[in-house]
Amino acid sequence: MKRKARRSLVAMAVAAALMGGCASGDTGAAEVWDPIETPNRFLFSLNRVVDIIALRPVAVIYRDWVPEPAQKSVRNLLDNLGEPVTAINEVVQGEPGRAATTMARFLVNSTIGIAGLFDVATSLGLERTKEDFGKTIGLYAGVEPENGGFYLMLPVIGPSNARDGTGLMMDYLVDPFRILTFNLAIDWTAYQAARYGMNVIDYRSRTIFALDDLEKNSVDYYAALRSAYTQNRADLIRQKREKTDTKSELERRDNLALVR
């Protein structure tokens, strides 16, 4: 228990440090703040090698050979596993009613929808939302949504920044499935690897055309992807702040986002 507590404290300390990066020095919306561009570009190159050799070919096979209904069920299952974290974020964002709807979706789809393979909740009028701590931090941060702190290229995951990197850590820490598997002595590593692997393949299969098009029409693919990611996340946060309905535009831009 002491070791578990120490790990949690270390993670929280790192998260706090990253959040400090968001709050200091508002760079505004004119350009993305990328003070560690050289190592970021190096990681970007490694990510591309992994993508070209492994991820993209597997994603193409998955997209072309796996029946569409099966792909939809996989997406439903992954979305269902993320509902509890979304609900937690909605509570922190001051939307307990929306959180209750999200948990109702989770209960309906986990039972009637057979572990989430079928999205029965939507047909019952329970609309799906997706929230994360990166958006939650952005909602309360006193800076422009485009300013998420320093830009960060993560191994395999891809584009991020101090704010969203912190959000990923927080989502991981509060994930009820992580906590449950740990307390039940279930092999969390195997579960997490399987879940993350399915997410990567599913997301990559749905971004093939958008990313290919972005690369083809960009003089600097790294810079173009950095800009697209930053703008996509800023739009999501701005929507939360202003409570505007820009769903169709956000769905279009979501195709430019890498795996989250």
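In this text the structure is predicted, and so the values were computed from the model without any measurement.

Q: Break down the side chain of Arg-233 for me, citing the residues and quoting the values.
A: With respect to the secondary-structure elements, Arg-233 resides in helix 11 (residues 221-242). Take Arg-233: its relative accessible area is 2%, and that puts it in the buried class. Polar contacts involving the side chain of Arg-233 include one to the side chain of Asp-164, which spans 3.1 Å.

Q: Provide a residue-level description of the environment of Ser-123, including the pertinent values.
A: Locating Ser-123 in the fold gives a position in helix 5 (residues 120-123). Residue Ser-123 is classed as exposed on the basis of its relative accessible area of 60%. In terms of polar contacts, Ser-123 uses its side chain to reach the backbone carbonyl oxygen of Val-120, at 2.5 Å.

Q: An account of the side chain of Arg-105 is requested, with residue identities and associated values reported.
A: In this structure, Arg-105 sits in helix 4 (residues 96-111). At a separation of 2.7 Å, a polar atom in the side chain of Arg-105 contacts the main-chain carbonyl oxygen of Leu-126. With residues near it in sequence (within four places) discarded, Arg-105 still touches Asn-80, Glu-83, Arg-98, Asp-119, Ala-121, Thr-122, Leu-126, Glu-127 and Arg-128.

Rules used throughout
- Residues numbered from 1 in each chain as written.
- Predicted model: local features only at pLDDT ≥ 70, side-chain atom pairs only at ≥ 80, totals over all residues.
- Heavy atoms only, no water.
- Helix = DSSP H or I, 4+ residues; strand = E, 2+ residues; numbered from the N terminus.
- Buried < 20%, exposed > 50% of the residue type's maximum accessible area, 1.4 Å probe, protein only.
- Polar contact = N/O pair within 3.5 Å; in protein donor to acceptor, adjacent residues only side chain to side chain.
- Contact = heavy atoms within 4.5 Å.

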